[in-house]
Amino acid sequence: MSFRNRRPLHKKPGNDDNNNYEEAFRPVIQYSNTQQNDVSKPSLFAYRRYNTTGIIIFRAVITFVIVLCLLWGGLIIKIAKDIQNDEIENNRLPRGVIVRPKIGHENRLFGKRLRQRIKRLEQRLEHRAPPLLDIKQMDSPVLVFTFKRADYFERSMWKMYEHHPAQKFVQQANKLRQTSKNVNRIMGSPVIISQDGNDPEVKAVIEAYREAFEINLGVPLYRIEHYRAPDEEKDVNVDPWNKNDTKPYIDLAKHYGWALEQTFSGASYDLDDSHRNQGVIKPPLPKRVIILEEDIEIGRDFFSFMNATADLLDDDDSLLAVSGYNDNGKKQIVADVKRVVRSDFFPGLGWMMPRRVWFGVESHPNSALRGRWAPNGYWDDWMREPDIRLGRQVLRPEVSRTFHFGNIHGVSQTDVRESLNQVELDRVDVQWEKEDLSYLSPERFAESFWGRVSNAKLVSSEADAKYYIAHGDVRLNYDSQLQFESLAMVFNIMSDEKAGVPRTAFEGIVEIRYGKGDYIVFLTPPYVSESGQRPSTFGKKAWMHFDKPALLESFGLSTSENWQADQDWQGDQDYRGY
């Protein structure tokens, strides 16, 4: 029987008014009666069932929100404890201990990334910039080139951070920073990272070290990006045996020229807007720029070496650059960690260029590198060309202050990589600012060097050279490139030449500290024996026009001899890069 046709229990026969009244209020009456007799509830209960489902959903949402808030609260508490523990741990560290930044992908280092952002947010909320050192003292930036090898780049950045001269300013008792009264010139400041493309792993390394340099050291870090087309955003897989694969070298040269212009012109400080909202004063225009790459590791006194030679570089227009690298710096044939020499060969691999070389000098306006930088790639060999070098020389140490460790996806040739990895990186911390380097002036060095070479014992064979080197300096003559290559193989040095200049040579003379002793083996061209006295142009070829044939003739070498290594094996020995 349906609910509507059921007979009410209280209906009295014969009373129509009462029947009408009860019919009018039947739903209420029947609901009351059925409730009393535990009868199943009709459609009115369906509305209440719908109401209950909404309440359940509402409660579930509230529960989810509460759980989420608890999770976030726990995360914030954990971050606060981590920060506190980090501060406690840092306070426990002995003074002078430097902590390496942790690098990784954002999804794996969410907490670390969040802590970094919290620090940055705190600074913005307080409307203040990071506690930087005196910006006015930062006229010698370090420019680091990178592409896609984030692991190599991080290794290079760590050594640069560990050995940066600003480290000594943060180890003062109860002092975060020193004022300009205590700081003279901060070499390697600011730090400029020029990234070829926008690889995310490389960007993560940059951001981590931005925090390290700015918050810990007070040195601003700027990132500039060299645009690459989407189809070029891929690994540089160079075939080391394909001498015709020139595209990686051309791309690298373009990146170099672009970044050097941005740096010397000051545009790099505007391209990175990370400091603009914090009111950071722009550094002064660079007087000189230190140039590194993502696969170069520096020694602990690299910046000290650059600082001590900066004034020499600025004042002596016969100098093209200062380099921390010795191409023949293998540990078996170098010894004197404090010796610096002048060289006609440009090494690269951790070097410093003065502003006058980029923009040119008034007396030689056509000498500027700006506007004509390495149009065909191979920028380092381009720097060695006679019309670019113009007889100018380079300062370099006997024991290298840089080490090239890149072996994967780089543009160096296979045989060169093996040789580069044998070069010894100096581990001694020389206080170069305290060393007397006045002997490096053009005249004094030429006179001293010629005196030592001319007084060396002349021998006729490699065996005699190895015997007599125990008692004093010795000298071996070479009269052709083939003979020089033969001697180079015997003494395990680089055998090639560029534009007529053997690697590391000064006036055609290559030195080898055979056996790591006090004495030197000099490989000399014919003019040393023929002249008997120092030639008038010895060490004085700066700004003179010596093309390759003229240079070889001045060394007493036949121009018909096969000194065509550059053309015969383009892309061979010295095409550095990533």
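Thresholds applied
- Residues numbered from 1 in each chain as written.
- Predicted model: local features only at pLDDT ≥ 70, side-chain atom pairs only at ≥ 80, totals over all residues.
- Heavy atoms only, no water.
- Helix = DSSP H or I, 4+ residues; strand = E, 2+ residues; numbered from the N terminus.
- Expected span 1.5 Å × (residues − 1).
- Bend = angle between axes of the 7 residues up to and from the residue.
- Buried < 20%, exposed > 50% of the residue type's maximum accessible area, 1.4 Å probe, protein only.
- Salt bridge = Lys/Arg side-chain N within 4 Å of Asp/Glu carboxyl O.
- Pairing = 2+ DSSP bridges.
- Patch = residues over 30% accessible without salt bridge, like charges linked within 9 Å, V, L, I, M, F, W, Y side chains within 5 Å.
- Areas by Shrake-Rupley, 256 points an atom, 1.4 Å probe, with all protein chains shown as cover.
- Phe/Tyr/Trp six-rings, centres within 6.5 Å; stacked < 30°, edge-to-face > 60°.
- pLDDT = per-residue confidence, 0-100.
- Contact = heavy atoms within 4.5 Å.
- Axes fitted to C-alpha atoms, helices over the stretch in contact; angles between N-to-C directions.
- Polar contact = N/O pair within 3.5 Å; in protein donor to acceptor, adjacent residues only side chain to side chain.

Caption draft 1: Spotlight on helix α9 (residues 302–315). An ideal rise of 1.5 Å per residue puts 20 Å on 14 residues; α9 measures up with 21 Å between its terminal C-alpha atoms. At threonine 309, α9 shows its maximal kink, close to 40 degrees. Of all 14 residues in α9, 10 are buried; the element is thus mostly enclosed. Listed in full, the buried residues belonging to α9 are Phe302, Phe303, Ser304, Phe305, Met306, Asn307, Ala308, Thr309, Ala310 and Leu313.

Caption draft 2: Spatial organisation of the pattern of salt bridges. Per the stated rule, a full pass over the model turns up 32 salt bridges. Where salt bridges share partners, they join Asp327, Asp381, Arg384, Asp496, Lys498 and Arg503 into one cluster.

Caption draft 3: The sheet that holds strand β16 (residues 521–524), seen in detail. One open sheet accounts for four strands, arranged β11-β12-β16-β15; its pairing is mixed. The two strands at the open ends of the sheet, each matched to only one other strand, are β11 (457–458) and β15 (510–512). Note: β11 against strand β12 (residues 474–477), two bridges, orientation parallel. Within β12, the position partnered with lysine 457 by the bridge is valine 474.

Caption draft 4: Representation of a nonpolar patch on the surface in the model. A cluster of nonpolar side chains, namely Ile57, Val61, Phe64, Val65, Val67, Leu68, Leu71, Trp72 and Ile76, defines an oily patch on the protein surface of about 890 Å² accessible area. Along the chain, the position of isoleucine 57 falls in helix α3 (residues 43–92).

Caption draft 5: Structural detail: the packing of aromatic side chains. A complete count under the given rule lists 30 aromatic pairs for this structure. Measuring from ring centre to ring centre gives 6.4 Å for tyrosine 256 and tryptophan 373, while their planes differ by 5 degrees; the resulting arrangement is stacked. Placement of tyrosine 256 in helix α7 (residues 247–265) and of tryptophan 373 in the loop between α10 (355–359) and α11 (379–383) is noted, with a sequence separation of 117 residues between them. Judged by its relative accessible area of 10%, tryptophan 373 falls in the buried class. Taken together, a centroid distance of 5.3 Å and an interplanar angle of 80 degrees make the contact between phenylalanine 449 and phenylalanine 506 edge-to-face.

Caption draft 6: Spatial organisation of the confidence of the model for the protein chain. Of all residues in the protein chain, 71% attain a pLDDT of 70 or more, and the chain-wide mean is 80. Within the model, the stretch residues 173–182 combines pLDDT values under 50 with 20 contacts to residues more than four positions away or in other chains.

Caption draft 7: Fine view of the pairing of strand β4 (residues 288–293). Most of β4 is tucked away, with six of its six residues classed as buried. As paired strands, strand β1 (residues 142–146) and β4 are joined by four bridges and run parallel to one another. By the bridge assignment for β4, valine 144 is matched with leucine 292. Relative to strand β8 (residues 351–354), β4 is paired through four bridges, and the arrangement is antiparallel. Residue arginine 288 lies in a different strand from β8, and its bridge partner there is proline 354.

Caption draft 8: Local environment of the sheet that holds strand β7 (residues 340–343). Strands sit in the order β3-β2-β1-β4-β8-β6-β9-β7 across an open sheet of eight strands; the sheet is mixed. The open sheet terminates on both sides in strands that have one partner only, identified here as β3 (221–226) and β7. Each strand axis lies, on average, 25 degrees off the axis of its neighbour in the sheet, ignoring direction. Where strand β6 (residues 319–323) and strand β9 (residues 393–397) come together, three bridges link them in parallel fashion. Of the residues in β9, the one forming a bridge with valine 322 is leucine 395. Along the sheet face, helix α5 (residues 150–162) touches β1, β2 (191–196), β3 and β4 and points at about 165 degrees away from the line of β1. Of the strands in this sheet, β1, β2 and β3 are in contact with helix α6 (residues 200–217), which crosses β3 at around 160 degrees.

Caption draft 9: How the structure looks around the environment of serine 265. Position of serine 265 among the secondary structure elements: in helix α7. Sequence separation of serine 265 and arginine 355 is 90 residues, and the distance between their C-alpha atoms is 9.8 Å. There is a polar contact of 3.4 Å between the side chain of serine 265 and the backbone oxygen of glutamine 262.

Caption draft 10: Main features of the side chain of arginine 210. Relative to the elements of secondary structure, arginine 210 occurs in helix α6. Taking relative accessible area as the criterion, arginine 210 reaches 4% and is therefore assigned buried. Looking at arginine 210, its side chain comes within polar contact range of the main-chain oxygen of leucine 221, at 2.9 Å.

Caption draft 11: Representation of unusual backbone geometry. A cis amide bond, omega -5 degrees, links serine 189 with the succeeding residue proline 190. The phi dihedral of leucine 390 is positive, around 55 degrees, even though this residue is not glycine. Mapping leucine 390 onto the fold places it in the loop between α12 (386–389) and β9. With a relative accessible area of 18%, leucine 390 lands in the buried category. One non-glycine residue with positive phi stands out, namely lysine 516, at about 60 degrees. When you line up the elements, lysine 516 lands in the loop between β15 and β16. On the basis of relative accessibility, which here comes to 41%, the residue lysine 516 falls in the partly exposed class.

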